[in-house]
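Spelled out, the chains give:
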Amino acid sequence: QPPHRGWRCRKRCRQQSPMPCARLETALVDTVKKFGAGGNKSVVPSSGISAKKLDDESESFVHKKVDASVADAIKRRRAELAMTQKELAQKINEREGIINEYERGDAIPNPSVIGKLERALGIKLRGKDIGSLLDKPKPKAAAPGKK
């Protein structure tokens, strides 16, 4: 055990690590800075891919956009129904900018938004028959009454 300076130092050393005693005795303490330690950062970059892998990568990563046929179908049907983009946006509970992006063909396809547009406009926007009218669901038969 290292020699202590008075009763206060002994009490402090029993409660904590020997670091305060070493400081009081002006002893040299080795400290090592570890790479990436003491922070909220991970060693891997935030993108998850190292710089070398990005340099070696030849594939281009581009988000898929809405097809032009879908954009044209939305524009055509909205004009047939005499709706503005704002009215359509309110009807499907989305922002007006979303409708604008879909009609320009710049939007990244979102199945929930496409489904809302299909129901609001009454046309198919997915599959083979893009732009054709949706089949109206048949009304359910009335349940037989209890006797």
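Residues numbered from 1 in each chain as written. Predicted model: local features only at pLDDT ≥ 70, side-chain atom pairs only at ≥ 80, totals over all residues. Heavy atoms only, no water.

### What about the overall build of the protein?
Defined as follows: What counts as a helix is a DSSP run of H or I of at least four residues, what counts as a strand is a run of E of at least two, and both are numbered from the N terminus. Throughout this description, buried means an accessible area under 20% of the type-specific maximum (1.4 Å probe, protein chains only), exposed means over 50%, and partly exposed covers the range between. Here, two residues are considered to be in contact whenever any of their heavy atoms come within 4.5 Å of each other.
When helices and strands are tallied, the protein shows 7 helices and 0 strands. Reading the secondary structure of the protein in the N-to-C direction produces α-α-α-α-α-α-α. For the protein, the residues scored as buried account for 22% of the 147 residues in total. The long-range share in the protein, meaning contacts at least 24 apart out of those at least 6 apart in sequence, stands at 40%.

### Examining the pattern of salt bridges
What counts is decided by this rule: Note on definitions: salt bridges are taken to be side-chain nitrogens of Lys or Arg within 4 Å of carboxyl oxygens of Asp or Glu.
Tallied over the entire structure, the rule returns 6 salt bridges. The closest approach of N and O atoms between Arg104 and Asp106, which form a salt bridge, is 2.9 Å. Under the relative-accessibility criterion, Asp106 is labelled partly exposed at 37%. Among the ionic pairs, Glu118 bridges to Arg126, the shortest N-O distance being 2.8 Å. Taking the relative accessible area as the measure of exposure, Glu118 reaches 10% and is therefore buried.

### Comments concerning the side chain of Glu118
Within the fold, Glu118 resides in helix H7 (residues 111-121). Beyond its immediate sequence surroundings of up to four residues, Glu118 is in contact with Ile123, Lys124, Leu125, Arg126 and Leu134.

### Some thoughts on the nonpolar core
What counts here: Here, nonpolar core means buried Ala, Val, Leu, Ile, Met, Phe, Trp, Tyr and Cys residues that are tied together by side-chain atoms lying within 4.5 Å of each other.
In terms of nonpolar packing, the biggest core is built from 19 residues, with Ile74, Leu88, Ile92, Ile99, Tyr102, Leu117 and Leu125 touching the most fellow members. For this core, the secondary-structure elements that each account for two or more residues are helix H4 (68-80), helix H5 (85-92), helix H6 (96-104) and H7. No other element matches H7, which puts 5 residues into this core. The residues contacting Leu117, other than those within four sequence positions of it, are Ile74, Leu88, Ile92, Ile99, Tyr102, Gly122 and Leu125.

### Observations regarding the side chain of Glu103
Here Glu103 lies in helix H6. Beyond its immediate stretch of four places on either side in the chain, Glu103 contacts Ala71, Ile74, Lys75, Arg78 and Gln85.

### Thoughts on the confidence of the model for the protein
To keep things clear, this is the line we draw: Values of pLDDT, ranging from 0 to 100, describe the predictor's confidence in every residue of the model.
Across the protein, the average pLDDT comes to 76, with 56% of residues at or above 70. Per-element averaging of pLDDT across the protein places helix H1 (residues 6-15) at the bottom with 56 and H5 at the top with 94.

### Re H6
Filter applied, for reference: Picture the helix axis, draw a direction to every C-beta atom, and the arc is the one those directions span.
Of the positions making up H6, those classed as buried are Ile98, Ile99, Tyr102 and Glu103. An end-on view of H6 places all buried positions within 130 degrees of arc, on one side of the element. The secondary structure elements touched by the buried residues of H6 are H4, H5 and H7. Backbone geometry just after H6 places Gly105 at a positive phi near 90 degrees.

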